[in-house]
Amino acid sequence: MVAFARRPAGIGKAMTIIPGQLRPASKRARVLCASLIVSTSLLMASCQRSTQRLPPMPPMPQSTGRAAEPPVLQPYVVDGSGQPATIVSEPLDNFIQAVGTDQVLFDSDSHDLDQKAKKILDKQSEWLLRRIDAKIMIEGYTDNFVTRNYSYALGERRANSIRNYFVQMGVDVNRISVTSYGRDRPAVDGNNEESRSLNRRGRVVVFKK
Amino acid sequence: MRLLFFIIMLHLTCAGPAHAGLRVDINKGVESAILIAVPFAVARAPISGTSPALGSEIADVIANDLASTAFFKPIDRDRYAMAMPVADAETPRFAHWRSTRGQALVTGAIAEVDADVFRLECRLFDIFSGEPVAARNFVGRKDQWRQISHVCANFVYEALVGEPGHFDSRILYATESGSGEQRIRRLAEMDYDGAGHSYLSKGVNMVATPAYAPGGGTVVHLAFAGSAAKIYLVNLATRATTEIGPFDGVAFGPRFSPDGASILLSIGKNGNTDIYRIDLASRNIVKLTDAPGTDTGASYSPDGRKILFESNRSGSQQLYIMNADGSEQSRITFGKARYGAASWSPRGDLLAFTRIAADVASIGVMRSDGQGERMLTRSMRDESPAWAPSGRAIVFMRTGSGSRAPELWTIDLAGTVERRLPLPEGGSDPAWSPSRGALPVSAKR
């Protein structure tokens, strides 16, 4: 839950209006109005449809004895185009509870996994091998003491190290995607070595296919 | 709206080439800075729909432009009479101006053309000889008075320095607000002096590394849409956004070629990042580097024949140059420090770079063979330099201590005039636009 509560928070946050950020208030009002109108008409349209003909019922989910999973997340929205981007559906919330942490840390400018990181990844691999329905997104991050483009490359190297480790442990490579946020989404703010060391990380996010 | 903008230029008088006695020695920089008086522009008649202080506001913009270079030092206005009759804008009383010890004088006279349009008469004089150096009328919409003032400053600059100024250019960057993973980074643009700030994205996607296309009408940038880094083209006039890609791997670091036909980018896959060129019309993609490790931060030389990039193939991040087809890759920086985020001066002679040594990141320049390194900034965290179109100034990102949001600063090439841009929030990844140009013909670019 923790991992996924954090990820979508970034998206929700982006939608939040921060005072003073959207300059012309009238424009903001117009946008709100427009989106209200759109959503209202969408609601009305869907209401109409549902009274006319009900869609077929989805198959009942198989009970797995797990706790109820949080609702499906809203798709991310691409700026401008209005097209939904990657849809991350149905987060698997017991991953972190089961394995302790979703993150491993790295040394400066390094993508090598140390013993501590490997121990964490061993636990994660076990879980991933049990839960073959889970898709895996590995995110690479860096501290802010590398230039921007280099940070994306370094983040990719880190995510790839984790991916290679999982594959070595028998996880199907086709279940795994890799991305890099570089220095752009630090776990903690600050420029001292302590905060930097917490930002040199890889994170494993699991979700249902 | 910006594209609709153009200024009609009319020759009033032009006293031929720059005055022999009054000329900046660009090799001496500060030592030869010209003391210049920029009194308030005088109105020939009241101008409807503008600030009553328009004359002083115009003079402030011009003086501020000139003072941002090492070549000019505006004279303190306390040293001369504020109120000036209109006749003095055309034929100044040089005895008075000599008493200010100034060397050059810029006068402005403003007049209404019609309800929306006004005229700025921009005149430059040599105070010692008491002769006009150059003069030109600039006509434009009243709400574009800042741009017209910048163009007048460019005119003065070019008359005395002998090369085009950059005062009518813009700066594109990614805003930075919020903290940690909740960070919001929006695409934003402003005049080179921070005025006229506007947001170009809503902040839904986290924006990074924006860059202008050669004409300045299109930008390319990275944005995180969901979990994926994507590369977008944005038409600044229509705000139409197109995605380039998707690519097989993590793609980032887009930069236009000087002809605008292709884009350099980096793609990371299986722990190995290489540099690619994508043709925008055909979407054909060509791999330019093949070294194990990280090759990234690629940008073209102004003539499009070379590519500057950074690589850790030697063990640490260093700068390299290769031919545009990827051949003859050679390392140009050596030593203990890491080098990255480099770019080629529009003049072609120098490279600006970020040097990270121990715990300090700073901006420097060097010749394109890697020799003649000269550090420009001496703060703790300066990075991401981008060149002004004149090649005479650099904009960069500066981070203070603690958790403060990064700021954007400009510095002249001599390293003497450093200015913080007035941003509404934090800023990073600056890019400097081409000059917008004052002539109607250049609006076609």
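Everything below is about the structure shown above.
Residues numbered from 1 in each chain as written. Chains lettered and ligands numbered in written order. Predicted model: local features only at pLDDT ≥ 70, side-chain atom pairs only at ≥ 80, totals over all residues. Heavy atoms only, no water.

Caption draft 1: Seen up close, the overall build of chain A. Within chain A, the regular secondary structure consists of 6 helices and 4 strands. Going from the N terminus to the C terminus, chain A shows its helices and strands as α-α-α-β-α-β-α-β-α-β. In chain A, buried positions account for 43% of the 209 residues. A fraction of 73% describes how many contacts in chain A between residues 6 or more apart in sequence connect residues 24 or more apart. Counting every atom, chain A has about 11300 Å² of accessible surface; 60% of that belongs to carbon and sulfur. (Helix = DSSP H or I, 4+ residues; strand = E, 2+ residues; numbered from the N terminus. Buried < 20%, exposed > 50% of the residue type's maximum accessible area, 1.4 Å probe, protein only. Contact = heavy atoms within 4.5 Å. Areas by Shrake-Rupley, 256 points an atom, 1.4 Å probe, with all protein chains shown as cover.)

Caption draft 2: Focus on the sheet that holds strand 18 (residues 285-287) of chain B. With antiparallel pairing, the 4 strands of this open sheet are ordered in space as 15-16-17-18 (chain B). Two strands in the sheet have a free side with no partner beyond their single neighbour: strand 15 (250-256) and strand 18 of chain B. Put simply, the sheet's adjacent strands are angled 30 degrees from each other on average, direction ignored. Here strand 16 (residues 262-269) of chain B pairs with strand 17 (residues 272-279) of chain B via 8 bridges, running antiparallel. By the bridge assignment, Ile 263 of chain B is partnered in strand 17 of chain B with Ile 278 of chain B. Where helix 5 (residues 148-168) of chain A meets the sheet, its contacts fall on strand 15, strand 16 and strand 17 of chain B, and the angle it forms with strand 15 of chain B comes to roughly 160 degrees. (Pairing = 2+ DSSP bridges. Axes fitted to C-alpha atoms, helices over the stretch in contact; angles between N-to-C directions.)

Caption draft 3: Structural view of unusual backbone geometry. With an omega of 5 degrees, the peptide bond between Gly 245 of chain B and Pro 246 of chain B qualifies as cis. By the element assignment, Pro 246 of chain B lies in the loop between strand 14 (241-244) and strand 15. For Asp 109 of chain A, which is not glycine, the phi dihedral falls at a positive 50 degrees. Considering the arrangement of structural elements, one finds Asp 109 of chain A in the loop between strand 1 (103-105) and helix 4 (115-130). Taking relative accessible area as the criterion, Asp 109 of chain A reaches 23% and is therefore assigned partly exposed. Non-glycine residue Arg 101 of chain B carries a positive phi angle of around 65 degrees. Overall, the relative accessible area of 65% leaves Arg 101 of chain B in the exposed class.

Caption draft 4: Summary view of the state of the cysteines. All names here are of chain B. All told, the structure shown has 1 disulfide over all chains when counted by the stated rule. Covalent S-S linkage joins Cys 122 and Cys 152, the inter-sulfur distance amounting to 2.1 Å. Residues Cys 122 and Cys 152 are joined by a disulfide whose S-S torsion is about 75 degrees; by sign, that bridge is right-handed. Residue Cys 122 is located in strand 6 (residues 117-126), and its partner Cys 152 is located in helix 4 (residues 145-161); the two are separated by 30 residues in the primary sequence. (Disulfide = S-S within 2.5 Å.)

Caption draft 5: Looking closely at the nonpolar core. Core analysis: the largest hydrophobic core is formed by 53 residues, its most contacted members being Ile 36, Leu 66, Phe 72, Phe 118 and Leu 160 of chain B. When residues of this core are assigned to their parent elements, the largest contribution, 11 residues, is made by helix 4 of chain B. Formed by 26 residues, the second largest nonpolar core is a distinct cluster that contains Tyr 141 of chain A together with Ala 208, Phe 252 and Leu 265 of chain B. (Core = buried A, V, L, I, M, F, W, Y, C linked by side-chain atoms within 4.5 Å.)

Caption draft 6: Molecular detail of the interface of chain B and chain A. Each partner contributes to the interface: chain B provides 66 residues, whereas chain A provides 47 residues. Taking both partners together, chain B and chain A bury about 4600 Å²; carbon and sulfur atoms supply 49% of that area. Scanning the region where chain B abuts chain A turns up 5 salt bridges. Of the charged contacts, one joins Arg 196 of chain A and Asp 359 of chain B as a salt bridge, the two residues approaching to 3.5 Å between their closest N and O atoms. If you look at where chain B meets chain A, you find 21 residue pairs in polar contact (both at pLDDT 80 or more). Examining the composition of the side of chain B that touches chain A, we find that 4 residues originate from one element, strand 13 (residues 228-235) of chain B, more than from any other. Residues that form the side of chain B that touches chain A fall into these classes: 19 nonpolar, 32 polar and 15 charged. (Buried area = accessible area lost by both parts, 1.4 Å probe. Salt bridge = Lys/Arg side-chain N within 4 Å of Asp/Glu carboxyl O. Polar contact = N/O pair within 3.5 Å; in protein donor to acceptor, adjacent residues only side chain to side chain. Nonpolar A, V, L, I, M, F, W, Y, C, P; charged D, E, K, R; others polar.)

Caption draft 7: A look at the sheet that holds strand 29 (residues 407-412) of chain B. Residues and elements named next belong to chain B. Here we have 4 strands laid out as an open sheet, ordered 27-28-29-30, and antiparallel in their pairing. The open sheet has two edge strands, strand 27 (382-387) and strand 30 (418-420), and neither has a second partner. Pairs of neighbouring strands in the sheet enclose a mean axial angle of 25 degrees, with direction left out of account.

Caption draft 8: Just the packing of aromatic side chains, in detail. Residues and elements named next belong to chain B. All told, the structure shown has 15 aromatic pairs over all chains when counted by the stated rule. Residues Phe 71 and Tyr 157 carry aromatic rings whose centres are separated by 6.1 Å and whose planes lie at 40 degrees to one another, so their mutual orientation is tilted. Residue Phe 71 is found in the loop between helix 1 (54-67) and strand 4 (72-74), and its partner Tyr 157 is found in helix 4; the two are separated by 86 residues along the sequence. Across the pair, Tyr 157 and Phe 71 agree in class, each one buried. Clustering of aromatic rings is evident, with ring pairs tying together Phe 71, Phe 72, Tyr 157, Phe 167, Tyr 192 and Trp 432. (Phe/Tyr/Trp six-rings, centres within 6.5 Å; stacked < 30°, edge-to-face > 60°.)

Caption draft 9: Here's a closer look at the side chain of Glu 407 of chain B. Turning to its location among the elements, Glu 407 of chain B is positioned in strand 29. One polar contact links Glu 407 of chain B to Trp 409 of chain B, side chain to side chain, over a distance of 2.9 Å.

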